[in-house]
Structures are given as C-alpha cells and as structure tokens.
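Reading the structure
Residues per chain, in single letters:
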Amino acid sequence: MTDSQLLSMPSSSAPAAQAPVSQFHAAIERGDFLVTAEVMPPKGGDPSHMIQMANLLKGRVHAVNITDGSRAVMRMSSLAASVLLKQQGIEPICQMACRDRNCIALQADLMGAQALGIRNVLALTGDPIKAGDHPEARGVFELESVRLLKLIDKLNQGFDFNDKALPDGAMTLLAGAAVDPQCGSWSGLQRRFERKLAAGAQFFQSQLISDFDRLSKFMEHMAIGCNKPVLAGIFLLKSAKNAQFINRNVPGVTIPQEIIDRLEKASDPLREGMTIAAEQVHMARQICQGVHLMAVRREDLIPEILEMAGVEAVR
C-alpha cells in the first residue's frame, strides 16, 4: 500500500461515522477554517483568571485548549478546568498527557470526561519531568500519544484497554493529536503522523510554526488526502528577548532573525508581536485548515489578533 493510499484511509474512530459529538466536531464537519486557542489552568485552586481569559475568547474561537501540565509544571487538573469552562458555555479541548497516568487512570479520566460533557481530547505523551517544577517526581509514561489514541479509539468502539466490552456501551470522544511539521527528521515526522492517523486522530494541532515553507511542504506532501484538519500553531512573541528565549529553550523551533530584528527595532514590541502573529494567521489560512493560537498570559489579545488577520467571528 502506498503512503497516499494509507493517508486516504478513514480511521476507525466512532465519532467520524456519527453525528458530531461536540460543537468543535461540528465545525470540522462543516469545513470551517478552525480557530482554537490555549489557556493554562491556574497554579492553585482559584480559576477566576483562567475563566476571565477564556470568556474573552467566546465567539472568536471554536474551542479552547486546556493544557495538562505543560512543560511538566504542576497546575490544576485539565479535566477539572475543562469542566469549569464548559459551565461557562465555552467549548473545551481537554489535553491529556500520558506522563502522569497509567492506563487505568487514563481510562478513568476519559470516562469522567464523557460523563461531564467533555468530548474533545488532545492526546499527548507529555513533557519530560526534568523540564518542570517537580524534577524529582516519577514519570509514568506507560503509554505515549499513539497508544493513547488507540485506547480512545477502543473506548469509542465499546471496549476497554484489555479488549473487554464496556457494560454501558461505546463512548463518543473526538481525539486529536499534536504534530510538528518542523521536525528535523522528515521520515520520522511522516512515520509518526501516519501512526497517529491510523490510531484514530481526527484533528491535528501543530507546535509553534516559524517556518511556513516547511508547513506548506508538510501539507502538500504528507497531510494531503488525509481528510483531517491541521491547525498551525501561532505564538504571540512579546519581545525580541522572548523570541531569543524560545530559540534557546524550545527544541525544533527557530524564530528567524528578521522577526527578532523587527521586535528589537519596534517602539512597541508587543504591538509588533501582534502584527507578526496576525501576518502568520493570514499565511496559515492559505496553507492549512486552521490555526491554534498561543498567547501565554495575554490571551486577552487573541481576539484583536484575529481581527487584524481578517478572521471573522465563529459560528
């Protein structure tokens, strides 16, 4: 079987064959240009700031990602935070990392998500423990993202991890996955992408994109024909120092020197960063099916960035 034939094969996940299981799924089915944004849960028990930031995104994004211990930094449960946003009428995408849970805990959280009305899940392996604020903690990593996608697919077919039938019937979760079109190994990227497709991924959100030629190549030569939307990761750079920090600390990402120079010369670096982000959203619209915006601690600026890029309010 050729690669193109493999990419054209439908996955076995139940949501693809059923009526939309969430508002975000409905937007995918309509073929909308998809817009998602990322919000971090609080590092404590007060969710008011998270809710405030997420409420500002209403009507501007199709769904809001809730991170799950991003960079291995301890924060409120992504599932609990997703429920809090759902109560506010905000469509969540609950990130779920394998780092901190074995297969029993993952299944328990997925079942809890379904019961609480959370249908969108982004399956992640999870950042290494040493990168975070509890470097002596023990990672679990019984599964990784591909095996988690397969587990979700099993649950959607009515079976648990051990292939035993679920007494209450099949679940209906929409599983997504991360993708890094700027990965140094093209063959490694293709192999990983195809495995995630075969495991049941229904949408993809990319890491921070700084090389749009590379994204275009990925879409034209690898994602073509897969019929699953790819959302380009757009990051709000707040200053030249911020961009240089990313270059030093985020593997696989290189912010071009011309972008750093623009930020350095700008009288208002934050405003220039918003302009750059809007330009990148515009470029992504010509290449892929959506954007995923990351504006750490300045989520309030996302609606204006989308307006600058000419992206209309969502349905």
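Position numbers for residues count from 1 along each chain, tracking the sequence in the order it is written. Under the rules for a predicted model, residues below a pLDDT of 70 receive no local features and side-chain atom pairs below 80 are neither given nor counted, while totals for whole chains, interfaces and linings still include all residues. Just so you know, side-chain values use all the structure's heavy atoms and leave hydrogens and water out.

**Description of the packing of aromatic side chains**
- Only centres within 6.5 Å qualify two rings of Phe, Tyr or Trp (six-membered ring in Trp) as a pair; their planes then separate them into stacked at under 30 degrees, edge-to-face at over 60, and tilted for everything else. Within the structure shown, the criterion is met by three aromatic pairs.
- Pairing Phe193 with Phe218 gives two aromatic rings, centres 5.1 Å apart and planes at 75 degrees, and the pair type is edge-to-face. One end of the pair, Phe193, is in helix H7 (residues 186–199); the other, Phe218, is in helix H8 (residues 212–221), and 25 residues separate them in sequence. Comparing Phe193 with Phe218 shows no difference in burial state: the two are buried.
- Taken together, the ring pairs connect Phe193, Phe204 and Phe218 into an aromatic cluster.
- For the cation-ring pair, Lys154 lies above Phe161, with the distance from its terminal atom to the ring centre recorded as 5.8 Å.
- We count a charge as sitting over a ring when the NZ of a lysine or the CZ of an arginine lies within 6 Å of the ring centre and within 35 degrees of the ring normal. The cationic tip of Arg285 hangs over the ring face of Phe33; the distance from NZ or CZ to the ring centre is 5.3 Å. Helix and strand definitions here come from DSSP, where helices need a minimum of 4 consecutive H or I residues and strands a minimum of 2 consecutive E residues; each element is numbered from the N-terminal end. For the exposure calls, accessible area comes from a 1.4 Å probe over protein chains only, and a residue counts as buried if that area is under 20% of its type's maximum, exposed if over 50%, partly exposed in between.

**Notes on the sheet that holds strand S1 (residues 34–39)**
- Any two strands with at least two DSSP bridges between them are considered paired. Ordered by their spatial adjacency, eight strands build a closed barrel running S1-S2-S3-S4-S5-S6-S7-S8, and the pairing between neighbours is parallel. For this sheet, the mean angle separating the axes of adjacent strands, direction not counted, is 30 degrees.
- As defined by bridge partners, strand S6 (residues 203–208) adjoins strand S7 (residues 230–235) across three bridges and the pair is classed as parallel. Following the sheet pairing, Phe204 is matched in S7 by Val230. For helices, the fitted axis covers only the stretch in contact; all axes are lines through C-alpha atoms, and the angles between them, taken along N-to-C directions, range from 0 to 180 degrees.

**Re the pattern of salt bridges**
- Any Lys or Arg side-chain nitrogen found within 4 Å of a carboxyl oxygen on Asp or Glu counts as a salt bridge. By the definition in use, this model includes 11 salt bridges.
- With a closest N to O distance of 2.9 Å, Asp100 and Arg99 form a salt bridge.
- We classify Asp100 as partly exposed; its relative accessible area is 40%.
- Between Arg262 and Glu279 there is a salt bridge, with the nearest N and O atoms lying 2.9 Å from each other. With Arg262 in helix H10 (residues 257–265) and Glu279 in helix H11 (residues 269–285), this pair connects stretches of sequence that are 17 residues apart.
- Here the salt bridges do not stand alone but share partners, grouping Asp68, Arg101 and Asp109 into one network.

**Describing helix H9 (residues 240–249)**
- For H9, the full list of buried residues reads Ala240, Asn242, Ala243 and Ile246. Each buried residue of H9 sits inside an arc of 165 degrees when the element is viewed along its axis, so together they form one side. Opposite the buried face of H9, at more than 90 degrees from it, the exposed residues are Lys241 and Arg248.
- Looking at the packing, one finds that the buried side of H9 touches S6, S7 and H10. Note that the arc is defined by the directions from the helix axis to the C-beta atoms. In what follows, residue pairs with any heavy atoms lying within 4.5 Å of each other are defined as contacts.

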